[in-house]
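Observations on the model geometry
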Amino acid sequence: MDFVKVEINAGIARVTIDRQSKLNALNGQVLDELEACFLDLKENPEARVIIVTGAGDKSFVAGADISQFPSLSPAEAQAFSVRGQAVFSLIEASLKPVIAAVNGFALGGGCELALACHLRYAAENALFGQPEVKLGVIAGYGGTQRLPRLVGTGHALDLLLSGRMAKADEALSMGLVNAVFPQAELLEKVHEIAGVILAQGSQAQAYTLKAVYEGAGKSMAAGLEIEATAFREVFKTEDRIEGATAFLERRAPEFKNR
Ligand code: COA
């Protein structure tokens, strides 16, 4: 792969988008490589928690590649949007926790990529925004849907209508990120968080992700039914026997992840 690098170490896969000359902007090839990478990681038992970041110290992802925009017909624009949405939905649907380590600009498709991850941590220099309106277009990789669901309609429309950038501390205050770290420590801190997640039962995490995302947008009654079904399914795993047994024996669990 030219633009997407994957390193797997002790259960943690780090996916780095590396197209630094364009601030890691997403062209068709980057999207194809991201998709291939997440399809591989889904099947790879060596990867249990996934971190997504951008190469360099300036940008996470500065958006979809704007150089493609001028020639798009309306029908091609729709296909362009659907393609980006599909790749990001694949990431969101991962049953392995996916964490964005936002190391700089997270604009347009970059902010939308972070939104498709399950958790988001930012460096102090990170800047978030949906600047599409400045180009006379709208967010098309899920931003009009995921941003309001995460931060509420008021904060989302503030960013989506103004196109302005929010600094990391503001992103934290609106719930767009989980925490902010000094830039030099971002990856180390995110790896520490990934390590904590890695130590828990991965089957339980997969069912948690399923219940949360399948239940989102449904009625409370429908969501609770999804939860009860997931609760039943997790009781078919070996890990749940080990978890309760270890607690009762006052020892740390040794999950087999099955
Ligand atoms: N698509 C294509 N190329 C992009 C890009 C994008 N989204 N974002 C940055 N680049 C390219 C620039 O064109 C430039 O390429 P060049 O050196 O070949 O001219 C290179 O990346 C560096 O960007 P530059 O604008 O010179 O850096 P900067 O530090 O002055 O500004 C930004 C940084 C992020 C503020 C600015 O690049 C920007 O506004 N980018 C577009 C963000 C955006 O609107 N994203 C949403 C797209 S829908």
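Quick notes on the rules
- Residues numbered from 1 in each chain as written.
- Predicted model: local features only at pLDDT ≥ 70, side-chain atom pairs only at ≥ 80, totals over all residues.
- Heavy atoms only, no water.
- 1 Å grid on protein atoms, 1.4 Å probe; cavity = no way out; pocket = protein on both sides within 12 Å on 5 of 7 lines; lining within 4 Å.
- Points joined across faces, edges and corners; volume = space filled by probe spheres on them.
- Helix = DSSP H or I, 4+ residues; strand = E, 2+ residues; numbered from the N terminus.
- Nonpolar A, V, L, I, M, F, W, Y, C, P; charged D, E, K, R; others polar.
- Contact = heavy atoms within 4.5 Å.
- Near = heavy atom within 4 Å.
- Polar contact = N/O pair within 3.5 Å; in protein donor to acceptor, adjacent residues only side chain to side chain.
- Areas by Shrake-Rupley, 256 points an atom, 1.4 Å probe, with all protein chains shown as cover.
- Patch = residues over 30% accessible without salt bridge, like charges linked within 9 Å, V, L, I, M, F, W, Y side chains within 5 Å.
- Salt bridge = Lys/Arg side-chain N within 4 Å of Asp/Glu carboxyl O.
- Lys, Arg positive; Asp, Glu negative; His and termini not counted.
- Charge placed at Lys NZ, Arg CZ, Asp CG, Glu CD.
- Phe/Tyr/Trp six-rings, centres within 6.5 Å; stacked < 30°, edge-to-face > 60°.
- Buried < 20%, exposed > 50% of the residue type's maximum accessible area, 1.4 Å probe, protein only.
- Lys NZ or Arg CZ within 6 Å of the ring centre and 35° of its normal.
- Disulfide = S-S within 2.5 Å.

1. Considerations on the layout of surface pockets
One number sums up the size of the largest pocket: a volume of about 450 Å³. Residue lining of the largest pocket: 24 residues in total, with F69, E132, L135, V137 and I138 positioned closest to the centre. For the lining of the largest pocket, the secondary-structure elements that each account for two or more residues are α2 (74-92) and α3 (109-116). In terms of residue count, the dominant contributor to the lining of the largest pocket is α2 (four residues). Looking at the lining of the largest pocket residue by residue, the class counts come to 15 nonpolar, six polar and three charged.

2. Considering the environment of K134
With respect to the helices and strands, the residue K134 is situated in the loop between β8 (127-129) and α4 (143-151). What K134 contacts, discounting residues up to four positions off in sequence, is S162 and G163.

3. Points about the site of the ligand
The immediate surroundings of the ligand are formed by 17 residues, with K22, K58, A62, A64 and I66 found nearest. One of the backbone N or O atoms of I66 is found 2.9 Å from a nitrogen atom in the ligand. Surface burial for the ligand is 60%, taken as the share of its 860 Å² of free accessible area covered by protein chains. Residue composition of the shell around the ligand, by class: eleven nonpolar, two polar and four charged.

4. Quick word on a negative patch on the surface
A cluster of acidic residues, E124, D169, E185, E188 and E192, forms a negative patch on the protein surface. Following the sequence through the fold, E188 ends up in helix α7 (residues 186-198).

5. Some thoughts on the packing of aromatic side chains
Scanning the entire structure with this criterion turns up five aromatic pairs. Ring centres of F88 and Y141 lie 5.5 Å apart, and the angle between their planes is 85°; this geometry places the pair in the edge-to-face category. Residue F88 is found in helix α2, and its partner Y141 is found in the loop between β8 and α4; the two are separated by 53 residues along the sequence. A single burial state applies to F88 and to Y141, both of which are buried. Measuring from centroid to centroid gives 6.1 Å for Y121 and F181, while their planes differ by 25°, and the two rings are stacked. Of this pair, Y121 sits in strand β7 (residues 119-123) while F181 is found in strand β10 (residues 179-181), placing the two residues 60 residues apart along the sequence. Taking the relative accessible area as the measure of exposure, F181 reaches 15% and is therefore buried. Following the ring pairs from residue to residue traces out a cluster consisting of F69, F80, F88 and Y141. Above the ring of F3, the side-chain terminus of R19 is found at 5.8 Å from the ring centroid.

6. Some words on the state of the cysteines
Across all of its chains, the model carries zero disulfides by this definition. Residue C37 stays outside any disulfide, its sulfur separated by 11 Å from that of C117, the closest cysteine. Left unpaired, C111 is separated from the closest cysteine sulfur, that of C117, by 11 Å. Overall, C111 belongs to the buried group, its relative accessible area being 0%.

7. A look at the side chain of R146
You can see R146 is positioned in helix α4. Engagement of the side chain of R146 in a polar contact is seen with the side chain of S89, the distance being 3.2 Å. Non-local contacts of R146, meaning those with residues more than four positions away in its chain, are made with F88, S89, E92, L115, A116 and Y141.

8. Thoughts on unusual backbone geometry
Of note in the backbone geometry, L23 takes a positive phi value of approximately 50° without being a glycine. Looking at the element boundaries, L23 is found in the loop between β2 (12-17) and α1 (28-43). A relative accessible area of 27% places L23 in the partly exposed class. Backbone geometry at R250 places phi at a positive 55°, although glycine is not the residue there.

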